[in-house]
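Residue-level structural notes
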Amino acid sequence: GRDCSMSALQERLGEFTPAAQQRSLERPHHHAPQPLDPASKPWQQYIGKRARHATERASFRDRMTEHQGDEWRRAAEHHRRERADLLGRSWKGQGDLLNATRSVLAAQQAQEKAALRDRQKLEREEIRRAQRFPSFKTWLTERNPELAQEWRHRERRPAAIEGPAFEQPAPCDIRAFQAAVDGGRVHYHRNGERGRPAFTDCGKVIDIRDSQRRETVLAALQLSAQKWGTITVHGDAEFRRVCVELAAEHEFKIVNPELQRAIARGRECTRAERLPLPRPTVKSVAEAYRLHFDELVRESAAPKTDPSRFDSDVAVCLRLTGHHREAIIEAIKEGAAASRPSERRDWDAYARRAVDFAFGLPGSQLAHTFALRREHLLRVEGRSLENEMASRGRGRAPLGR
């Protein structure tokens, strides 16, 4: 505060005179610090082995992620060829048959996708369980049970109950339904159930009669997404709420304008839950600029990207994560010039235009939309909302302040 400034203190206490000789408060160390508790002596050896295990595990997880991505690409290409082979011939005068064929083929391909998704989920869970490094207590028990006993009694963590191993769930989606062709329509019944169908594919519309069951809505959305890609939903508030939750979880492209904010909020929560490990905190605004730029490029569905538009969006992201205006200008100027050396621009003016957009009225409107994703934007920089609130309470400013 101003009352504690140098001039204010000198006015109250007199002229400040530094000491003639300052004594060092640090004592010389003749040996490395030793733990007071003998049970924690092997800790350095343990964390060294755990760090090596984490590095190997991350490498293996990256290879598994690449392999699973290749499986999805191969499945998509197989489905594309299957549709081309089956639907590529002339269907003139056979509209009803074409409708039914499209519906049954879409259901079959949606079932294959659901099976692939569940199998990959089980693979990831199995890897997480198999590669988990033992706790310090377990690791210590294998080497010195006496030290492990001492360590166990000094713990102050609350008791916990761990459930059994992960069990594969029964299919509760499109795989649990069977198709029955009825002229130009296709009825879908739940396996083992007779009578009225759960939903019916009428060609352009899928009528859902059993909309109270979440698995029925999921199966109908999977069929719709496989047939059309983008879809519009109609129904009461409860039905739309379930559709929003499923769209956030399974990445369905629902285009209802009134549902976009809820879907974006749900996807943000789902994305945050799926982040495997926290990223290291960025050390500069320039590094934060590169991370946000790459993130926006990955999220864009456009085949070609406009770097200028992305730079403006990145400036909004950096504004939301609390960086200073001038620091953002320097980060965009250096980052854009380094990534696009072939362009002849006044990069300083270019960066200032992007930041003027971010801190102006259009940027404020975009920031209102991005505010729903603020926690994700902080995670991109290796920060968290809780830590930021705590830092503000301690008076620490973000990067670039």
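Residues numbered from 1 in each chain as written. Predicted model: local features only at pLDDT ≥ 70, side-chain atom pairs only at ≥ 80, totals over all residues. Heavy atoms only, no water.

When helices and strands are tallied, the chain shows 15 helices and 6 strands. Expressed as a percentage of its 401 residues, the buried residues of the chain come to 32%. A fraction of 59% describes how many contacts in the chain between residues 6 or more apart in sequence connect residues 24 or more apart. Total accessible area on the chain is roughly 26600 Å²; 52% of this is exposed by carbon and sulfur atoms. (Helix = DSSP H or I, 4+ residues; strand = E, 2+ residues; numbered from the N terminus. Buried < 20%, exposed > 50% of the residue type's maximum accessible area, 1.4 Å probe, protein only. Contact = heavy atoms within 4.5 Å. Areas by Shrake-Rupley, 256 points an atom, 1.4 Å probe, with all protein chains shown as cover.)

Our next topic: helix α4 (residues 136–143). Along α4, the positions that sit buried rather than exposed are Phe136, Trp139 and Leu140. Looking down the long axis of α4, one finds its buried residues gathered within 95° of arc, a one-sided arrangement. (Arc of directions from axis to C-beta.)

All right, on to the pairing of strand β1 (residues 177–182) then. Pairing between β1 and strand β2 (residues 185–190): 6 bridges, direction antiparallel. Among the inter-strand pairings, Gln178 is bridged to a residue of β2, identified as His189. Following β1, the chain reverses through 2 residues before pairing antiparallel with β2; Gly183 in that reversal takes a positive phi of roughly 65°. (Pairing = 2+ DSSP bridges.)

A few words on the pairing of β2. Within β2, 5 of the 6 residues are buried, which leaves the element mostly enclosed by the surrounding structure. Alignment of β2 against strand β3 (residues 199–201), held across 3 bridges, turns out to be antiparallel. What sits directly across from His187, in β3, is Thr200.

Moving on, we get to the pattern of salt bridges. Throughout the structure, instances matching the rule amount to 26 salt bridges. Arg241 is the partner of Glu238 in a salt bridge, and the nearest nitrogen-oxygen pair spans 2.5 Å. One end of the pair, Glu238, and the other, Arg241, are both in helix α7 (residues 237–250), 3 residues apart, so they sit about a helical turn from each other. The exposure class of Arg241 is partly exposed, given its relative accessible area of 39%. Salt-bridge contacts for Glu330 lead to Lys333; the nearest nitrogen and oxygen are separated by 3.3 Å. With Glu330 and Lys333 both in helix α11 (residues 325–339), this residue pair falls 3 residues apart, about one helical turn. (Salt bridge = Lys/Arg side-chain N within 4 Å of Asp/Glu carboxyl O.)

The subject of this paragraph is the packing of helix α10 (residues 307–320) against α11. Interaxial distance between α10 and α11 falls to 11 Å at its minimum, and their mutual angle equals 145°. The two elements α10 and α11 meet at a crossing, and its hand is right-handed. Listed contacts from α11 to Asp311, Ala315, Leu318 and Arg319 of α10 are Ile328, Ile332 and Ala336. Along the lines of polarity and charge, the residues of the contact of α10 with α11 split into 5 nonpolar, no polar and 2 charged. (Axes fitted to C-alpha atoms, helices over the stretch in contact; angles between N-to-C directions. Left-handed = near helix turned anticlockwise from the far one by under 90°. Nonpolar A, V, L, I, M, F, W, Y, C, P; charged D, E, K, R; others polar.)

With that settled, consider the nonpolar core. With 28 residues, the main nonpolar core has Tyr289, Val314, Val316, Leu318, Leu320, Ile328 and Ile332 as its most contacted residues. Looking at this core, the elements with two or more residues in it are α9 (285–299), α10, α11, α12 (347–359) and α13 (361–370). Among the elements that make up this core, the one with the highest residue count is α10 (7 residues). The contacts of Val316, once residues within four sequence positions are left out, are Phe357, Ala358, Gly363, Leu366, Ala367 and Phe370. Counting 16 residues, the second-largest nonpolar core is a separate cluster that includes Ala198, Phe199, Ile206 and Ala219. (Core = buried A, V, L, I, M, F, W, Y, C linked by side-chain atoms within 4.5 Å.)

Let us look at the packing of aromatic side chains. Within the structure shown, the criterion is met by 7 aromatic pairs. Geometrically, the ring pair formed by Tyr46 and Phe133 is tilted, given 5.6 Å between the ring centres and 45° between the ring planes. On the criterion of sequence distance, the pair formed by Tyr46 in helix α2 (residues 43–87) and Phe133 in the loop between α3 (95–130) and α4 is long-range, its members being 87 residues apart. Assessed through its relative accessible area of 3%, Tyr46 is described here as buried. (Phe/Tyr/Trp six-rings, centres within 6.5 Å; stacked < 30°, edge-to-face > 60°.)

In this section: the sheet that holds β3. Reading across the sheet, the 4 strands line up as β1-β2-β3-β4 and stay open at both edges, with antiparallel pairing between neighbours. The strands lining the two open edges of the sheet, one partner per strand, are β1 and β4 (206–208). Sheet twist, expressed as the mean angle between neighbouring strand axes with direction ignored, is 20°.

Our next topic: the confidence of the model for the chain. When pLDDT drops low, the exact placement of atoms in the prediction is not to be read closely. Mean pLDDT for the chain: 80, with 79% of residues reaching 70 or above. Across the chain, α11 holds the top mean pLDDT of 92, while helix α15 (residues 385–393) sits lowest at 61. Low pLDDT (under 50) marks residues 155–170, which in the prediction has 7 contacts with non-local residues, meaning those over four places away or in another chain. (pLDDT = per-residue confidence, 0-100.)

Before going further, it helps to spend a moment on the side chain of Ser312. If you trace the backbone, Ser312 turns up in helix α10. Not counting residues within four places of it along the chain, the set of residues in contact with Ser312 comprises Ala354, Phe357 and Ala358.

The topology assignment puts Leu97 in helix α3. According to the relative accessible area criterion, Leu97 is partly exposed, its value standing at 42%. The spatial distance from the C-alpha of Leu97 to the C-alpha of Gly184 is 6.3 Å, given a sequence separation of 87 residues.

Right, let's get into unusual backbone geometry. A positive phi angle, close to 60°, is found at Glu251, a residue other than glycine. Secondary-structure assignment places Glu251 in the loop between α7 and β6 (253–254).

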